[in-house]
Amino acid sequence: MMAERAVQDERIRWARDLHDAVGHAVNVMVMQAGVARRVFTENPGFAQEALRHIETVGRQALDELDRLLRSGGGSDDGGTAEDLVALAERVRSAGREVDLNLTPVPLSPSASRALYRIVQEAVTNALKHGDGRIRITVRPDGERVIVDVHNSVEGVSALAAPGRGMINMRERARLEGGDFEAGPVAGGFRVRATLPIRRRVEEPVTP
């Protein structure tokens, strides 16, 4: 029974990563394709740039899919500050305004990956449900790191429904011993996660 449960948990973790990674890439590609279609006649140069971004994001998604398949799913690789900057740039290339306020925090590999996936899924939801500015904040708070993703959008009550992405974010925070909340706030919709800070390696003790 315990072995079956472990296998089931691993399958769920794998499906969660696939949902978040591929879902994000598809949403960015759809937005970029829409931009290219709208400006194709009057601004072919910009349309060509959007098509180039679609190709880049598609290749990155295939690389991510291959990595997940080779690792058996649920790999803890990635999730660095550079990954968050690259994520913000991908969304900007799709025509959305993104503010990234990032304070690097020393985290364990699994916590770093969880933080990245939470931000990725929150941004994916923002792309699907709004067209305003997206504000991402990552900052330390004592022994915790706080992640805020704010989506400027009207009529946000429907976004509170616990879809698959919302469930995935909550579960990632829970598995790291953190907290998660999401819901309408003044001027939009906010996702907030709090994760404990766990250093990657033990720091040497100074004599």
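The structure reproduced in this document is the subject of the present report. (Residues numbered from 1 in each chain as written. Predicted model: local features only at pLDDT ≥ 70, side-chain atom pairs only at ≥ 80, totals over all residues. Heavy atoms only, no water.)

The next thing to look at is a nonpolar patch on the surface. Taken together, the side chains of Val-22, Val-26, Val-30, Leu-62 and Leu-65 present a nonpolar region at the surface, about 400 Å² in accessible area. Those elements that provide at least two residues to the nonpolar patch are helix H1 (2-39) and helix H2 (44-71). Here the nonpolar patch gets three residues from one element, more than from any other, and that element is H1. Tracing the sequence through the fold places Val-26 in helix H1. Taking the relative accessible area as the measure of exposure, Val-26 reaches 42% and is therefore partly exposed. (Patch = residues over 30% accessible without salt bridge, like charges linked within 9 Å, V, L, I, M, F, W, Y side chains within 5 Å. Areas by Shrake-Rupley, 256 points an atom, 1.4 Å probe, with all protein chains shown as cover. Salt bridge = Lys/Arg side-chain N within 4 Å of Asp/Glu carboxyl O. Helix = DSSP H or I, 4+ residues; strand = E, 2+ residues; numbered from the N terminus. Buried < 20%, exposed > 50% of the residue type's maximum accessible area, 1.4 Å probe, protein only.)

Grouped together as the largest cluster of nonpolar side chains are 36 residues, with contacts concentrated most on Leu-115, Val-119, Val-123, Ile-134, Val-145 and Val-149. The element best represented in this core is helix H4 (residues 109-129), accounting for nine residues. (Core = buried A, V, L, I, M, F, W, Y, C linked by side-chain atoms within 4.5 Å.)

This brings us to the environment of Asp-141. Tracing the backbone shows Asp-141 in strand S2 (residues 134-141). Judged by relative accessible area, Asp-141 falls into the partly exposed class, the value being 30%. Residues Asp-141 and Pro-196, spaced 55 residues apart in sequence, show a C-alpha to C-alpha distance of 9.5 Å.

Working definition: the strands of a sheet are paired by backbone hydrogen bonds and lie parallel or antiparallel to each other. Here we have five strands laid out as an open sheet, ordered S1-S2-S3-S5-S4, and mixed in their pairing. Whereas interior strands pair on both sides, the edge strands pair on one side only; in this sheet they are strand S1 (98-102) and strand S4 (179-185). On average, each strand axis in the sheet is inclined to that of its neighbour by 10°, with strand direction left out of account. The strands touched by helix H3 (residues 81-93) are S1 and S2; relative to S1, the strand with the most contacts, the crossing angle is about 170°. (Pairing = 2+ DSSP bridges. Axes fitted to C-alpha atoms, helices over the stretch in contact; angles between N-to-C directions. Contact = heavy atoms within 4.5 Å.)

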